[in-house]
Amino acid sequence: MKKLTLISLIAFFFGACNTSPTGRRQLTLVKDPEMNAMGEQAFEDMKQKIPIERGARQNAYVNCIVNAQLAVTVDTTGVSKWEVVVFKDNTPNAFALPGGKIGVYTGMFSVAKNKDQLAAVIGHEIGHVIARHGNERVSQNQIAGGSVKALEALGKPTVAGVLGAGAQFGVLLPFSREHESEADLIGLDLMAKSGFVPSESVNLWKNMSELGGSKPNELLSTHPSDATRMKQLNSAMPKALAMYETAKAQGKNPNCQL
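Everything numeric here is computed off the predicted structure, so don't read it as measured data.

A few points about the environment of Asn-90
Relative to the helices and strands, Asn-90 resides in the loop between β3 (83-87) and β4 (94-97). Asn-90 sits 19 residues away from Phe-109 along the chain, and the two C-alpha atoms are 9.1 Å apart. If we skip the residues at most four places from it in the chain, Asn-90 touches Thr-106 and Gly-107.

A short note on the pairing of β3
The buried fraction of β3 is high, at 4 of 5 residues. As paired elements, β3 and strand β5 (residues 101-105) share 5 bridges and run parallel to each other. Bridge pairing in β5 links Glu-83 to Lys-101.

So, the packing of helix α9 (residues 200-209) against helix α10 (residues 226-249)
Running from N to C, α9 and α10 point in directions that differ by 175°, and their axes come no closer than 9 Å. Regarding the angle of α9 to α10, the classification is roughly antiparallel. On α10, the residues that touch Ser-201, Val-202, Trp-205, Lys-206, Met-208 and Ser-209 of α9 are Asp-226, Arg-229, Met-230, Leu-233, Asn-234 and Met-237. Class assignment of the residues belonging to the contact of α9 with α10 gives a composition of 6 nonpolar, 3 polar and 3 charged.

Topic: unusual backbone geometry
At Arg-132, a position not held by glycine, the phi torsion is positive, near 60°. Given the relative accessible area of 8%, Arg-132 is considered buried.

Considerations on the packing of aromatic side chains
Tallying each qualifying case throughout the model produces 6 aromatic pairs. Ring geometry for Phe-87 against Tyr-105: centres 5.8 Å apart, planes inclined by 65°, an arrangement best described as edge-to-face. With a gap of 18 residues between them, Phe-87 in strand β3 and Tyr-105 in strand β5 connect regions that are remote in the sequence. With a centroid separation of 6.3 Å and an interplanar angle of 80°, the aromatic rings of Phe-95 and Tyr-105 are classed as edge-to-face.

Focus: the sheet that holds β4
Spatial ordering of the open sheet is given by β3-β5-β4, a layout of 3 strands whose pairing is mixed. Of all the strands in the sheet, just β3 and β4 have a single pairing partner and so form its edges. Between one strand axis and the next, the sheet turns through 15° on average, direction left out of account. Across the sheet, helix α3 (residues 56-70) is in contact with β3 and β5; its angle to β3 comes to roughly 140°. Against the sheet, helix α4 (residues 115-130) makes contact with β4 and β5, and its axis sits at roughly 25° relative to β4, the strand it touches most.

What to know about the layout of surface pockets
Here the second largest pocket is characterised by a volume of approximately 360 Å³. In terms of lining residues, the second largest pocket is bounded by 18 residues, among which Pro-21, Ile-130, Ile-186, Asp-189 and Lys-193 are the most central. Mapped onto the lining of the second largest pocket, the elements with two or more residues apiece are α8 (177-193) and α10. In terms of residue count, the dominant contributor to the lining of the second largest pocket is α8 (6 residues). In terms of residue class, the lining of the second largest pocket is built from 9 nonpolar, 5 polar and 4 charged.

Quick notes on the side chain of His-133
Among the secondary structure elements, His-133 is positioned in helix α5 (residues 133-143). At a separation of 2.8 Å, a polar atom in the side chain of His-133 contacts the side chain of His-128.

A short note on the pattern of salt bridges
One pass over the structure, following the stated rule, counts 8 salt bridges. For Lys-47, the salt bridge goes to Glu-83, with nearest N and O atoms at 2.7 Å. With Lys-47 in helix α2 (residues 32-49) and Glu-83 in strand β3, this residue pair connects regions lying 36 residues apart in the sequence. Between Glu-245 and Lys-248 there is a salt bridge; the shortest N-O distance is 3.7 Å. Of this pair, Glu-245 and Lys-248 both sit in helix α10, separated by 3 residues, roughly a single helical turn. Relative accessible area serves as the criterion here: at 44%, Glu-245 is assigned to the partly exposed category. Take Lys-248: its relative accessible area is 41%, and that puts it in the partly exposed class.

What counts, and at which threshold
- Numbers given for residues are sequential positions, taken from 1 along each chain in its written order.
- pLDDT decides what is reported in this predicted model: residues at 70 or higher carry local features, side-chain atom pairs at 80 or more are listed and counted, and totals for whole chains, interfaces and linings draw on all residues regardless.
- Note that the side-chain values use all heavy atoms of the structure and ignore hydrogens as well as water.
- By definition, any uninterrupted DSSP run of H or I lasting at least four residues is a helix, any uninterrupted run of E lasting at least two residues is a strand, and each is numbered from the N terminus.
- Residue contacts follow a heavy-atom distance rule, with two residues in contact if any of their heavy atoms lie within 4.5 Å.
- In this scheme, a residue with accessible area under 20% of its type's maximum is buried, one over 50% is exposed, and one in between is partly exposed, where area comes from a 1.4 Å probe on protein chains only.
- Two strands pair if DSSP finds at least two bridges between them.
- Axes here refer to lines fitted to C-alpha atoms; in helices the fit is confined to the stretch in contact. Angles between the N-to-C directions go from 0 to 180 degrees.
- The cut-offs work like this: below 35 degrees is roughly parallel, past 145 is roughly antiparallel, 65 to 115 is roughly perpendicular, and the gaps in between are oblique.
- In this classification, Asp, Glu, Lys and Arg are treated as charged, Ala, Val, Leu, Ile, Met, Phe, Trp, Tyr, Cys and Pro as nonpolar, and every other residue, Gly included, as polar.
- Pairs were defined over the aromatic rings of Phe, Tyr and Trp, the Trp ring being its six-membered one, requiring ring centres within 6.5 Å. Orientation was assigned from the angle between planes: stacked under 30 degrees, edge-to-face over 60, tilted for the rest.
- Both site types are read off a 1 Å grid over the protein atoms alone. A 1.4 Å probe that fits but cannot get out defines a cavity, while an open set with protein on both sides within 12 Å along at least five of seven lines defines a pocket; lining residues have an atom within 4 Å of a point.
- Grid points are joined across faces, edges and corners, and a volume is the space filled by probe spheres set on the points.
- Polar contact is defined as a pair of N or O atoms within 3.5 Å, subject to the rule that within protein one atom must be able to donate a hydrogen and the other to accept it, and that residues adjacent in sequence are counted only when both atoms are side-chain atoms.
- When a carboxyl oxygen of Asp or Glu is within 4 Å of a side-chain nitrogen of Lys or Arg, the pair counts as a salt bridge.

Now the structure itself:
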C-alpha cells in the first residue's frame, strides 16, 4: 500500500511538471485556467484601488511596446487576450499577472528613459507569465501545506503579491533570483525579436542602480544584484543582437513614442 502511494505521488509530481521557455524543468501543480482566473481577479481589484492614467499619449506609448512584443511571444498558458493598464503612480514599477494582465506605473517612465528600456521592463514581466513563475510559487505554497483556497482566503492583495504585482500587494516573498534571472533572459529575447535594441536592457539596470537607497546583499536577497543582472544580460547579448539584426531585416522597428 505504501509502495503504491509512493508511486502515485511520484506520478502526480511528474504529471505536474512543465518546461519553461528556457528549458528549465518546473513543478506547476495548479491548472492554467485557475491561475489565469486568480490573476484576472487580482488585477480587477488593483484597478479599483490604484488611480489609472487615462492620457492617450502614455497609453499609446505603452501599448505600442506591448503589442510589438506580444506579436513575437509564444504563450502556452491559455491567455486569449492580454490587457494593459497604465497606473498613475510615481513608483518605478511594472508587473504582469497570469491571465495576461500587464500593469505599468507612470513612475517607470523616469527610469526607463526610452522605448527600448521600457521594452526590457515589459518583456521581463511578460517572461514571468509565460514561464509560469506565479504557478511555481503557488505550487510551492501547496507543497508547504497550503492550498489555493487558503491563499485566496488571505485576500486579493496578497494573491496579487504572490503572482508578481509587487511587494506592496502582498506579504509573501518576491520572485526568486532564479525566476528574476530567467525573466531577464526571456525579456531580452522578446525585445530583440520585436525590434527593440537589446543592449538597452543593460542601460535600464544602470539607471535602476543609480536610484540609490538601501539594498540588501545579494546573498541575503531573493533578487540578483544590479551588477549580476547586467553581467548575465551581457553574456546573452551576442545571441540577442543576432536576433535583433534578423528582426530589423524583417522590417520590425516599433515606432513607439511618449
